[in-house]
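Summary of the model geometry
Listed here are the chains, written in short residue letters.
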Amino acid sequence: MSELIEHGVKKYEDTEEELKLFLEAVVDLIAIIDENGFFNRISEAWTDLLGWSQTEFLEMNWKDIIHKDDLIETEFLIKNRRDDGLIRGLKNRYRCKDGSYKWLEWNCKLLKEKGLDLVTVRDITENVEMERRSNELQKVIELETIKSEFFANISHEFKTPINIILGTVQLLNIHIDKNNIKYNSEVDLKRYSKSVKQNSFRLLRLVNNLIDMTKIDTGFYEIHLENRNIISIIEEITLSVAQYIGDKGITLTFDTNEEEEVIACDPDKIERIMLNLLSNAIKYTPKDGKIDVNIKVNSKDIEISVEDNGIGIAREKLDVIFERFIQVDNTLTRQSEGSGIGLSLVKSLVEMHGGSVSVESEVNKGTKFIFRLPKITTDNQSNLQPKVIKSRVEKCEVEFSDIYS
Ligand code: ADP
């Protein structure tokens, strides 16, 4: 009889030893939890993952370390488990000894007659984190799309009434000029209509910039490269701008080391770049200042610079100046207004030509914007005739509408 007991005890001890070894060696998170929720036995992997020692675990209830926001739902799921006592895929956060949380996925099987839960657990913190990041990214993308669509719609909505206002002012001016309108001659109607026109142009400039920005963002901005003499394009634009700076007494000069250089470019976009840079130069250069447009034809590229001796840009702002919506916010610049879109558009347009743009500046000395276009030509030659750039006057008026006269 005693032999039988001895044998039984030995067998029990062996089983106990084997279970211990198993729990030590196994890399998975395994636990036996009693009916009150206390850890009875756990594998070593729990300590590796959550940081609590074996002894600490065995004094703890799973409810002590579950995230408080997950407790009620987990209790509910455990209480209402299937008849066979199985629960699969219970995902919760558990507190580590250092106070951080890990996401764990539990599979439990209740051994009813023993009142014990056999639990296997998987660390899914990384997966949850990845899922969270991917959801966040998805949300950002959705938001960006909504924002872009909104910008596009609202910009077009603005454009129609602005154009109607502009058309009406133009008609009004014709009638004023022809003396068709009866009004008190002391009322300076012309001045009012000029103000309406200028402010409509400012709105139009903003709207055009917004539309272009949205098109660039959504990949719908088209650029039509043609082989054209870039020198004459730049010269023509510079000269046509001269009349807009007359009042400010700024000297505008143009210089080039070559008279002709045919490259692949989109004249409309080059005009946009130049008008942006020139209007900024005028905006930020005080009365009697100086603006130089210079072209340097190098062996591989063409360097076009617009240099002013205006208020300059602080060193710390130079890195972000081409980012959208950036305005150098100091009291000096407040005298002029703008949206901070212009330079980001310039950068995108230059890059669409395969070029690059940079800036050099010193506060109170001046600013030099330089853009470089590669010396390449295109086979897709649609039109070699110098195109008459239509309504430059209006484009200038729109572009320079931020500058109060
Ligand atoms: P904005 O429509 O506000 O002029 P931009 O993108 O064209 O927007 O310019 C961004 C900012 O860069 C401006 O608000 C201004 O502070 C600064 N900036 C641009 N050009 C010049 C310049 N030639 N001299 C001084 N500051 C400039």
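Presented here is an overview of the structure given in this document.

Rules and cut-offs
- Counting of residues starts from 1 at the beginning of each chain's written sequence and follows it residue by residue.
- The predicted origin of the model limits local features to residues at a pLDDT of at least 70 and limits the giving and counting of side-chain atom pairs to 80 or more, whereas totals for whole chains, interfaces and linings rest on all residues.
- To get the side-chain values, all heavy atoms of the structure are used, and hydrogens and water are removed first.
- We define a salt bridge as a side-chain nitrogen of Lys or Arg found within 4 Å of a carboxyl oxygen belonging to Asp or Glu.
- Put simply, DSSP marks the helices as runs of H or I at least four residues long and the strands as runs of E at least two long, and each gets a number from the N terminus on.
- Strand pairing is defined by DSSP finding a minimum of two bridges between the two strands.
- Axis definition: a line fit to C-alpha positions, over the contact stretch in the case of helices; interaxial angles, taken between N-to-C directions, run 0 to 180 degrees.
- Between two residues, a contact is recorded if the distance between any of their heavy atoms is within 4.5 Å.
- For Phe, Tyr and Trp, where Trp contributes only its six-membered ring, two rings pair if their centres lie within 6.5 Å, and the inter-plane angle classes them as stacked under 30 degrees, edge-to-face over 60, or tilted in between.
- Partly exposed describes any residue whose relative accessible area lies between the buried limit of under 20% and the exposed limit of over 50%, with all areas from a 1.4 Å probe on protein chains only and scaled to the type maximum.

Section: the pattern of salt bridges
Evaluated as defined, the whole model comprises 21 salt bridges. Where Arg122 meets Glu105, a salt bridge forms, and the shortest distance between an N and an O atom there is 3.1 Å. In this pair, Arg122 sits in strand E5 (residues 116-123) while Glu105 sits in strand E4 (residues 101-111), placing the two residues 17 residues apart along the sequence.

Thoughts on the sheet that holds E4
Here we have five strands laid out as an open sheet, ordered E2-E1-E5-E4-E3, and antiparallel in their pairing. Edge strands, defined here as strands with exactly one partner in the open sheet, are strand E2 (39-42) and strand E3 (86-95). Taken over all neighbouring pairs, the strand axes of this sheet differ in orientation by 30° on average, direction set aside. Note: strand E1 (residues 29-34) against E2, three bridges, orientation antiparallel. The residue bridging Ile33 from the neighbouring strand is Phe39, located in E2. Packed onto the sheet, helix H6 (residues 125-177) meets E4 and E5 and runs at close to 125° relative to E4.

A look at the packing of aromatic side chains
Taken as a whole and judged by the stated rule, the model has six aromatic pairs. With a centroid separation of 5.7 Å and an interplanar angle of 75°, the aromatic rings of Trp46 and Phe57 are classed as edge-to-face. Placement of Trp46 in helix H2 (residues 44-50) and of Phe57 in helix H3 (residues 54-58) is noted, with a sequence separation of eleven residues between them. Take Phe57: its relative accessible area is 0%, and that puts it in the buried class. Judged by centre distance (5.9 Å) and plane angle (75°), the rings of Trp46 and Trp106 are edge-to-face. Here the residue Trp46 occupies a position in helix H2, and Trp106 occupies one in strand E4, the gap between them amounting to 60 residues.

Notes on the sheet that holds strand E7 (residues 251-256)
Judged by pairing direction, the sheet is mixed, and its five strands sit side by side in the order E7-E9-E10-E12-E11 without closing on themselves. Looking along the sheet, the strands with just one partner apiece sit at the ends: E7 and strand E11 (356-362). Sheet twist, expressed as the average angle between the axes of neighbouring strands with direction ignored, equals 10°. Here seven bridges tie E11 to strand E12 (residues 366-374), and the two strands are oriented antiparallel to one another. Residue Val359 lies in a different strand from E12, and its bridge partner there is Phe369. The strands touched by helix H8 (residues 230-241) are E7, strand E9 (290-297), strand E10 (301-308) and E12; relative to E7, the strand with the most contacts, the crossing angle is about 170°. Packing of helix H9 (residues 267-283) onto the sheet brings it into contact with E7, E9, E10 and E12, and relative to E10 it is tilted by some 25°.

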